[in-house]
Amino acid sequence: MTRGTRAVNPAERGVMLPGAAENALKIAVVGGFGVGKTTMVRSVSEIRPLHTEEVMSRAGRTLDDTSRVTAKSATTVAFDFGRITIDDRTVLYLFGAPGQERFWFLWERLLSGTIGAVVLVDTRRPTDAWYALDRLEYHGMPYIVAVNDFGGPLHSDEHIRQALALGPDVPLVEFDARDHSSSKFVLIALVEHLHALSVHQKG
């Protein structure tokens, strides 16, 4: 697995963004509950991201399994949205899907029109990614797997691939969702994967 380094978020520099673009590409950020989807979108977006996080209530804690994310105090109840400018003509829109099972019905609409996806994984609970992988496989959507660094146990690529039944053709990267450059590195890996698939199909 490989990872990126720290860089300054364009939003922190006050960079002006174009009002419109000819090409809009949509990418989904999916995964289990509390794996860092909101954090990734927030760290890499060049605009102030739209998010629908709400403070977790006692009732919510009875519905969602928080036993392995005890420090989590807020949760996404719809989706996260961010934007990255590729060039003067192309922008990338990021949609982070909610991880709780009770909000999975939203995924079908979020995945509509998506060109590819990033599946976030926490090595402390890798099997939480199974639903995301199943949905993407069902839709025939290309994806990469990004292992978020929570300071947990280190696992080899082979161990993670076996745990998730990943084929050798699925890129696997390690990153820190809190870091702008590291999250950007994940998106670059996805775009390169999509390009490689396109070239292979044309060949």
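Residues numbered from 1 in each chain as written. Predicted model: local features only at pLDDT ≥ 70, side-chain atom pairs only at ≥ 80, totals over all residues. Heavy atoms only, no water.

## Points about unusual backbone geometry
- One non-glycine residue, A165, lies in the positive phi region at around 55°.
- In this fold, A165 is placed in the loop between α6 (157-164) and β8 (172-175). (Helix = DSSP H or I, 4+ residues; strand = E, 2+ residues; numbered from the N terminus.)

## Remarks on α6
- Of all the residues in α6, the buried ones are I160, R161 and L164. Down the axis of α6, the sector holding all buried residues measures 100°, keeping them to one side. Those residues of α6 that are exposed and aimed more than 90 degrees away from the buried face are E158 and Q162.
- Along its buried surface, α6 packs onto β6 (116-122), α5 (130-139), β7 (143-148) and β8. (Buried < 20%, exposed > 50% of the residue type's maximum accessible area, 1.4 Å probe, protein only. Arc of directions from axis to C-beta. Contact = heavy atoms within 4.5 Å.)

## Here's the deal with the pattern of salt bridges
- Throughout the structure, instances matching the rule amount to seven salt bridges.
- We note a salt bridge from D122 to R124, for which the minimum N-O separation is 2.7 Å.
- For R124, a relative accessible area of 41% corresponds to the partly exposed category.
- Ionic pairing is found between D176 and R178, a salt bridge with its closest N-O pair at 2.8 Å.
- Look at R178 and you get exposed, because its relative accessible area is 60%.
- Salt bridges here are not isolated pairs; linked through shared partners, they connect D122, R124, R125 and D128. (Salt bridge = Lys/Arg side-chain N within 4 Å of Asp/Glu carboxyl O.)

## Topic: the confidence of the model for the chain
- Mean pLDDT over the chain: 80, with 72% of residues reaching 70 or higher.
- Contacts of residues 5-18 to residues separated by more than four positions or lying in other chains number 28 contacts, the stretch itself having pLDDT below 50.
- Low confidence marks residues 59-64, where pLDDT is under 50. Its contacts with residues over four positions away, or in another chain, come to eleven contacts. (pLDDT = per-residue confidence, 0-100.)

## Observations regarding the sheet that holds β7
- Strand order in the open sheet formed by six strands is β4-β5-β1-β6-β7-β8, with mixed pairing between adjacent strands. Strand pairing shows two members of the sheet lacking a second neighbour, β4 (80-85) and β8, which therefore form its edges. Along the sheet, successive strands turn relative to each other by an average axial angle of 25°, direction set aside.
- In this sheet, β6 lies alongside strand β1 (residues 23-31) in parallel orientation, the contact comprising five bridges. Pairing of V29 across the sheet is with V118, part of β6.
- The strands that helix α7 (residues 180-202) touches are β1, β4, β5 (90-96), β6, β7 and β8; relative to β7, the one it contacts most, it runs at about 160°. (Pairing = 2+ DSSP bridges. Axes fitted to C-alpha atoms, helices over the stretch in contact; angles between N-to-C directions.)

## What to know about the pairing of β1
- Taken together, the seven bridges between β1 and β5 define a ladder with parallel strand orientation. By the bridge assignment, A28 is partnered in β5 with F95.

## Concerning the side chain of H193
- With respect to the element layout, H193 can be found in helix α7.
- When near neighbours in sequence (up to four residues on either side) are disregarded, H193 contacts Y143, I144, D169 and P171.

## Some details on the nonpolar core
- Residues V30, V119, L136, Y143, V145 and L164 are the most contacted members of the largest nonpolar core, which totals 24 residues.
- Of all the secondary-structure elements, those providing two or more residues to this core are β1, α4 (107-111), β6, α5, β7 and α6.
- If sequence neighbours within four positions are ignored, Y143 has contacts with A117, V119, L133, L136, E137, L166, V170, P171, L190 and H193. (Core = buried A, V, L, I, M, F, W, Y, C linked by side-chain atoms within 4.5 Å.)

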